[in-house]
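Below, each chain spelled out in residue letters.
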Amino acid sequence: MSYYDYIIVGSGIAGLYTALLAKEQGSVLIITKGSIDDCNTKHAQGGVAAAIGKDDSVELHFQDTMAAGDGLCDEEAVRILVNEAPDRITDLVNFGVPFDTLNGEVALTIEAAHSVPRILHAGGDATGEHIEVTLSKQVRSSRIQVLEDCLATEILVERKTVKGIKALDCRTGSIEEFGCGSLILATGGAGQLFKFNTNSDIATGDGIALAYKARAEIVDLEFFQFHPTALRLPGVTPFLISEAVRGEGGILRNVDGYNFMSDYTPERDLAPRDVVARSILYEMEKTGSDRAFIDVTHLPPHVTTTRFPHIYRFCLDHGLDITKGLIPVAPAAHYMMGGIKTNTWGETNIAGLFATGETACTGVHGANRLASNSMLEVLVFSKRIMEKTRKRTATEAPTTREGVEAHYSLSQREFSEVVPPPSLSALQQLLWDDIGIIRNKEGLTKSVNILAAWQRSLPQPTDRPSYELNNLVLTGRLVAEAALLRQESRGAHFRSDFPQSSPQWQHHILFTLK
Ligand code: SIN
């Protein structure tokens, strides 16, 4: 079996950035299930948050992040995030990421729940694509080995220590084993759980499923962020209409043309994401429409076309000139706040197993992520994984935080009703209907039972789609069980039967395989 100092699973910003740092410390293999550029990163529009503006401070960034997290952020992790942000931005600039400038200074925009403009962007609204292209070019021209079309299927663990990984060659169907010193999961999120989502096809909860089966701790999965504004056009996959569009003056309107946000919150169009997503949903219900609209027609056309070239072009390609007409939008699943529990060095409870990016839960997002903190989290905590492994200090498993965590395992569930056969579309419909933006006991109970029945009936996976469906069903069940347990509303988790938050629930829900 071939051996590497580092094996990294995934090739978005988390996988590539970590690999570029790791190559300075040893041999590196990246395993990615598609091509190197198949990832969520390239869909990221808004940008990367960092307190580098004149009117900004790390303290302000800290306060905004804590406020968004609604009582569940890990304060130490957030301090690290905001303090280390400016240095990590410099790293990206040194790798060649061309952040936009204005009058010779880095251009900063504002997004919801930020007190000041602090979002760096590239190519207007193509930040993720610029980062991905820049980093993947660096990786391709380095000695890092990359295995494309290779899907990780099992983490090899002996005596609570990682030994390597099993992976499926998606082209031949054969399974191979690779040994490593450190295994870093950078597999992204699980947006494909939901019928309407802004994620790429790769977002199938692979890291959660791999880590859970290896007995890693999974935390905060009930907190799934729904982006308020994804393009809603018949037959068109939901496409992100960045929050920065409202940051630059875009206005939400209902189907009758009314700017409704002031009816719901004094923060209006720039209220936190969960508030805007629910307001849009209520407004859609009220007006009997399946969409709301963003209006940018009052902005000078050149502002729209230069600041949002990607969105402008995508809409134009679908017959809509957004400088003249309203953009139809509706909420869509966007980001998984929870994930594989790590400490502030990216370590899990299994020695040698690390997680970074959306699949990890470092504690910085709490119950609701502040916009544009996600790529920043990747940069800060991937760097710390590398510092940790360079020093080769003994692995400190994240400790249980007494009173702050409640531990659970999945149990058997008997369900007498006839369950439709498991399929991607049935799963996405179920989660959208019952574990979406607004949840209740009835829908959640039905869902956990169906998901448990699917877990029992799914055949042994043999190829990429069947592994992905298995991973989604397990991840979906963990999301549903956590959402059923949490009898309150907090951050992105909203229960119509428990619409208030409760101090009794100011703790994390954690799942581990028994
Ligand atoms: C957006 O551009 O609205 C998304 C940014 C993010 O999810 O942080």
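In what follows, the structure referred to is the one given above.
Remember, predicted model here, so these are calculated numbers, not experimental data.

What to know about the site of the ligand
Turning to step 1, where the next piece is worked out: Taken together, Gln45, Gly46, His227, Leu240, Ser242, Glu243, Arg273, His334, Arg369, Ala371 and Ser372 make up the full set of residues near the ligand.
Turning to step 2, where the next piece is worked out: Between the ligand and His227 there is a distance of 2.8 Å, counted from an oxygen atom to a side-chain nitrogen or oxygen.
Turning to step 3, where the next piece is worked out: Between an oxygen atom of the ligand and a main-chain N or O atom of Glu243, the distance comes to 2.7 Å.
Turning to step 4, where the next piece is worked out: The pocket occupied by the ligand, as judged from atoms lying within 2 Å of grid points, is the largest cavity.
Turning to step 5, where the next piece is worked out: Classifying every residue of the shell around the ligand by side-chain character gives 2 nonpolar, 6 polar and 3 charged.

Considerations on the environment of Ser136
Turning to step 1, where the next piece is worked out: Considering the arrangement of structural elements, one finds Ser136 in helix α4 (residues 127–140).
Turning to step 2, where the next piece is worked out: In contact with Ser136, not counting residues within four places along its chain, are Leu16, Ile36 and Asp37.

Let's talk about the pairing of strand β15 (residues 292–295)
Turning to step 1, where the next piece is worked out: The alternating pattern of β15 places Ala292 and Ile294 and Phe293 and Asp295 on opposite faces, both of which are buried.
Turning to step 2, where the next piece is worked out: Bridge analysis of strand β14 (residues 251–253) against β15 gives 3 bridges, and the strand direction is antiparallel. Across the sheet, residue Ile251 finds its bridge partner in β15, namely Asp295.
Turning to step 3, where the next piece is worked out: Across 3 bridges, β15 lies against strand β16 (residues 327–336) in antiparallel orientation. Each residue of the ladder has a partner; that of Ala292, found in β16, is Val329.

Structural notes on the environment of Glu283
Turning to step 1, where the next piece is worked out: Inspection of the secondary structure puts Glu283 in helix α7 (residues 273–287).
Turning to step 2, where the next piece is worked out: Between the C-alpha atom of Glu283 and that of Phe95, which follows or precedes it by 188 residues, the distance is 44 Å.
Turning to step 3, where the next piece is worked out: Setting aside residues no more than four positions away along its own chain, Glu283 makes contact with Asn254, Tyr258, Phe260 and Tyr264.

Some words on the layout of surface pockets
Turning to step 1, where the next piece is worked out: What the largest pocket holds in volume is close to 500 Å³.
Turning to step 2, where the next piece is worked out: Along its surface, the largest pocket is lined by 20 residues, and Leu102, Val106, Ala107, Leu108 and Thr109 are the ones closest to its centre.
Turning to step 3, where the next piece is worked out: Grouping the amino acids of the lining of the largest pocket by side-chain chemistry returns 8 nonpolar, 5 polar and 7 charged.
Turning to step 4, where the next piece is worked out: By volume, the second largest pocket is sized at about 420 Å³.
Turning to step 5, where the next piece is worked out: For the second largest pocket, the lining is made up of 17 residues, of which Tyr212, Leu410, Gln455, Leu474 and Arg477 are closest to its centre.
Turning to step 6, where the next piece is worked out: Going through the elements one at a time, α5 (206–213), α12 (441–457) and α13 (464–485) are the ones with two or more residues in the lining of the second largest pocket.
Turning to step 7, where the next piece is worked out: Within the lining of the second largest pocket, the residues separate by chemical class into 6 nonpolar, 6 polar and 5 charged.

Overview of the sheet that holds β15
Turning to step 1, where the next piece is worked out: The 4 strands are arranged β13-β16-β15-β14 in an open sheet whose pairing can be described as antiparallel. Every interior strand has two partners, whereas the edge strands, β13 (224–231) and β14, have only one. Strand-to-strand, the axes of this sheet are offset by a mean angle of 45 degrees, without reference to chain direction.

Some thoughts on the state of the cysteines
Turning to step 1, where the next piece is worked out: Tallying each qualifying case throughout the model produces 0 disulfides.
Turning to step 2, where the next piece is worked out: Looking at Cys73, it has no disulfide partner, and the nearest cysteine sulfur is the one in Cys361, 9.6 Å off.
Turning to step 3, where the next piece is worked out: A residue is classified by how much of its surface remains accessible, and Cys73, at 14% relative accessible area, is buried.

Let's talk about empty space enclosed by the protein
Turning to step 1, where the next piece is worked out: Considering all chains together, one arrives at 3 cavities of 30 Å³ or more under this definition.
Turning to step 2, where the next piece is worked out: The computed volume of the largest cavity comes to approximately 670 Å³.
Turning to step 3, where the next piece is worked out: What lines the largest cavity is a set of 45 residues, and nearest its centre among them are Ile13, Asn40, Thr41, Tyr335 and Glu358.
Turning to step 4, where the next piece is worked out: Of all the elements in the fold, those that place two or more residues in the lining of the largest cavity are α1 (13–22), β9 (150–158), α5, β16 and α10 (374–391).
Turning to step 5, where the next piece is worked out: Quantified by volume, the second largest cavity comes out at close to 60 Å³.
Turning to step 6, where the next piece is worked out: Around the second largest cavity, the lining residues are Ala68, Ala112, Ala113, Gln225, Glu243, Pro272, Arg273, Asn368, Arg369, Leu370 and Ala371.
Turning to step 7, where the next piece is worked out: Of the residues in the lining of the second largest cavity, the class split is 6 nonpolar, 2 polar and 3 charged.

As for helix α2 (residues 58–68)
In an α-helix, one turn spans 3.6 residues, which is why side chains three or four residues apart end up on the same side.
Turning to step 1, where the next piece is worked out: For α2, the full list of buried residues reads His61, Phe62, Asp64, Thr65 and Ala68. The buried residues of α2 all sit within an arc of 165 degrees when viewed along its axis, so they share a single face.
Turning to step 2, where the next piece is worked out: Of the surrounding secondary structure, the elements contacted by the buried residues of α2 are β3 (48–49), α3 (75–95) and α10.

Some words on the packing of helix α11 (residues 424–434) against α13
Turning to step 1, where the next piece is worked out: With their axes 11 Å apart at the nearest point, α11 and α13 run at an angle of 20 degrees to one another. The orientation of α11 with respect to α13, classified from their angle, is roughly parallel. In the crossing of α11 with α13, the sense of the turn from one axis to the other is left-handed. Between α11 and α13, the residues in contact are Leu424, Leu427 and Leu431 and Leu469, Leu472, Val473 and Gly476, respectively.
Turning to step 2, where the next piece is worked out: Each residue belonging to the contact of α11 with α13 can be placed in one class, and the counts come to 6 nonpolar, 1 polar and no charged.

Let's talk about the pattern of salt bridges
Turning to step 1, where the next piece is worked out: Evaluation of the coordinates by the stated rule reveals 30 salt bridges.
Turning to step 2, where the next piece is worked out: Asp91 is the partner of Arg88 in a salt bridge, and the nearest nitrogen-oxygen pair spans 2.7 Å. Of this pair, Arg88 and Asp91 are both found in helix α3, 3 residues apart, which corresponds to roughly one turn of the helix.
Turning to step 3, where the next piece is worked out: Judged by relative accessible area, Arg88 falls into the buried class, the value being 8%.
Turning to step 4, where the next piece is worked out: Asp274 serves as the salt-bridge partner of Arg278, at 3.4 Å between the closest nitrogen and oxygen. Of this pair, Arg278 and Asp274 are both found in helix α7, 4 residues apart, which corresponds to roughly one turn of the helix. In this structure, Arg278 and Asp274 share a single accessibility class: buried.
Turning to step 5, where the next piece is worked out: In the salt-bridge network here, residues are joined through shared partners; they are Lys33, Asp206, Arg464 and Glu468.

Concerning the pairing of β16
Turning to step 1, where the next piece is worked out: By the criterion of burial, β16 is predominantly enclosed, with 10 of the 10 residues buried.
Turning to step 2, where the next piece is worked out: By the bridge criterion, 6 bridges tie β13 to β16 in an arrangement that is antiparallel. Bridge assignment links Gln225 to a residue of β16, and that residue is Tyr335.

What counts, and at which threshold
- Residues numbered from 1 in each chain as written.
- Predicted model: local features only at pLDDT ≥ 70, side-chain atom pairs only at ≥ 80, totals over all residues.
- Heavy atoms only, no water.
- Near = heavy atom within 4 Å.
- Polar contact = N/O pair within 3.5 Å; in protein donor to acceptor, adjacent residues only side chain to side chain.
- 1 Å grid on protein atoms, 1.4 Å probe; cavity = no way out; pocket = protein on both sides within 12 Å on 5 of 7 lines; lining within 4 Å.
- Sits in = over half its atoms within 2 Å of the grid points.
- Nonpolar A, V, L, I, M, F, W, Y, C, P; charged D, E, K, R; others polar.
- Helix = DSSP H or I, 4+ residues; strand = E, 2+ residues; numbered from the N terminus.
- Contact = heavy atoms within 4.5 Å.
- Buried < 20%, exposed > 50% of the residue type's maximum accessible area, 1.4 Å probe, protein only.
- Pairing = 2+ DSSP bridges.
- Points joined across faces, edges and corners; volume = space filled by probe spheres on them.
- Axes fitted to C-alpha atoms, helices over the stretch in contact; angles between N-to-C directions.
- Disulfide = S-S within 2.5 Å.
- Arc of directions from axis to C-beta.
- Parallel < 35°, antiparallel > 145°, perpendicular 65-115°, else oblique.
- Left-handed = near helix turned anticlockwise from the far one by under 90°.
- Salt bridge = Lys/Arg side-chain N within 4 Å of Asp/Glu carboxyl O.

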